[in-house]
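Chain by chain, the residues:
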Amino acid sequence: MSSAFEKHQKRRLISSYFSVVISIALVLFLLGLLGMLVLNAKTISNNFKERVVMTIYLNDTAKEVEINQLEKSLTLASYIKETKYISKEDAADFMKGEYGEDFLDDIGHNPLQNSIEVNLKADFVTEQRLDSISQATLTKKFVDDVRYDKDLVSMMNSNVKRISLWVLIISALFTLIAVLLINSSIRLSVYSKRFTIKTMQMVGATKQFIRRPFIWKSIKLGIIGAVIALIGMAVVLYYIDKTFADLELLSNPLLITGLFLGVFVLGIVITWISTYIATQRFLNLKTDQLYY
């Protein structure tokens, strides 16, 4: 009979530990993913900004030396990421491939212009900067026009600011929820040992002596949960990097290492604090209050 009871208690204890580990792992995993989003938000937004193309259309009278000088000056400019010269013939071939027919046969001549496509660095992709660069480029006599999607740039910058604000708010809220969830799981685990705590206290054990094994056990559970969460984060990060290679999420290993280390330490700190508070609460309860 005693053996059956002990086995039942052991199963309950293992089940309690298992639920605590899973709770910690899930919360830290989601918190880690959110951390990845926060840390890479600027990289992701910069990636989209640097895809915005400003096209410089050239007059047919433009000399090759003038085009080369313009392209070289743009390449050397601190605000330019890359440039690409597109001849009118290349533009016509692109149109033919895009629409599946040779429109030049109907027109009889090539109405397209030679052009230079320019991608700016992310910090310069604003309406003011683009307008300033456009106006400076238009002063050259062989430049016919400069165009870029002004509405897209305006919408992109506006959305980036709005999304960044909401990401910070959600991060703070989710961190609070994570702490509360882990704290709740730890308290339930300690609650099942409340009579043991009070018995040890009644035979003269100090609060520090009683609290120590609970804290060490919770820290071990926190480490296990954190390791499981980190494995999940690594799998997701690897998958995203392979699927969306342009985001270059693994380009900063120091940042990724810091995030993983932060999640690991957070798992230990939260479980330590939660266990300390939970055991302290039961240590301060009177015997008759243990039943409520």
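Above this text you will find the structure in question.
Residues numbered from 1 in each chain as written. Predicted model: local features only at pLDDT ≥ 70, side-chain atom pairs only at ≥ 80, totals over all residues. Heavy atoms only, no water.

Would you take a moment to explain the nonpolar core for this structure?
If you look at soluble globular proteins, the nonpolar side chains tend to sit buried side by side. Leu 28, Ile 182, Ile 197, Met 233, Leu 237, Phe 260 and Val 263 are the most contacted members of the largest nonpolar core, which has 29 residues in total. Among the elements of the structure, α1 (2-49), α6 (150-191), α8 (207-243) and α9 (253-284) are those that each provide at least two residues to this core. Setting aside its immediate chain neighbours within four residues, Leu 28 contacts Ile 182, Gly 225, Ala 226, Ala 229, Met 233, Val 263, Leu 266 and Gly 267. Core analysis: the next-biggest nonpolar cluster, separate from the first, contains 23 residues, Ile 56, Leu 74, Phe 124 and Ile 133 among them. (Core = buried A, V, L, I, M, F, W, Y, C linked by side-chain atoms within 4.5 Å. Buried < 20%, exposed > 50% of the residue type's maximum accessible area, 1.4 Å probe, protein only. Helix = DSSP H or I, 4+ residues; strand = E, 2+ residues; numbered from the N terminus. Contact = heavy atoms within 4.5 Å.)

Whenever I open this one, a nonpolar patch on the surface confuses me. Can you help?
Among the surface-exposed residues, Leu 261, Val 265, Val 269, Trp 272, Ile 273, Tyr 276 and Ile 277 lie close enough to one another that they form a single nonpolar patch of about 620 Å² accessible area. For Leu 261, the position within the fold is in helix α9. (Patch = residues over 30% accessible without salt bridge, like charges linked within 9 Å, V, L, I, M, F, W, Y side chains within 5 Å. Areas by Shrake-Rupley, 256 points an atom, 1.4 Å probe, with all protein chains shown as cover. Salt bridge = Lys/Arg side-chain N within 4 Å of Asp/Glu carboxyl O.)

Just to check I follow, could you spell out the sheet that holds strand β2 (residues 80-86) for this structure?
The pairing of strands in a sheet comes from backbone hydrogen bonds and takes either a parallel or an antiparallel form. Taken in spatial order, the 4 strands line up as β2-β3-β1-β4 in an open sheet, and their pairing is antiparallel. Single-partner strands in this sheet number two, and they are β2 and β4 (143-147). This sheet shows a mean twist of 20° between the axes of neighbouring strands, independent of strand direction. Looking at chain direction, β2 and strand β3 (residues 115-120) are connected through 6 bridges and run antiparallel. When the sheet's bridge partners are listed, Ile 86 is paired in β3 with Ser 115. Each of β1 (53-58), β2, β3 and β4 touches helix α2 (residues 64-76); the most contacted strand, β2, lies at about 160° to it. (Pairing = 2+ DSSP bridges. Axes fitted to C-alpha atoms, helices over the stretch in contact; angles between N-to-C directions.)

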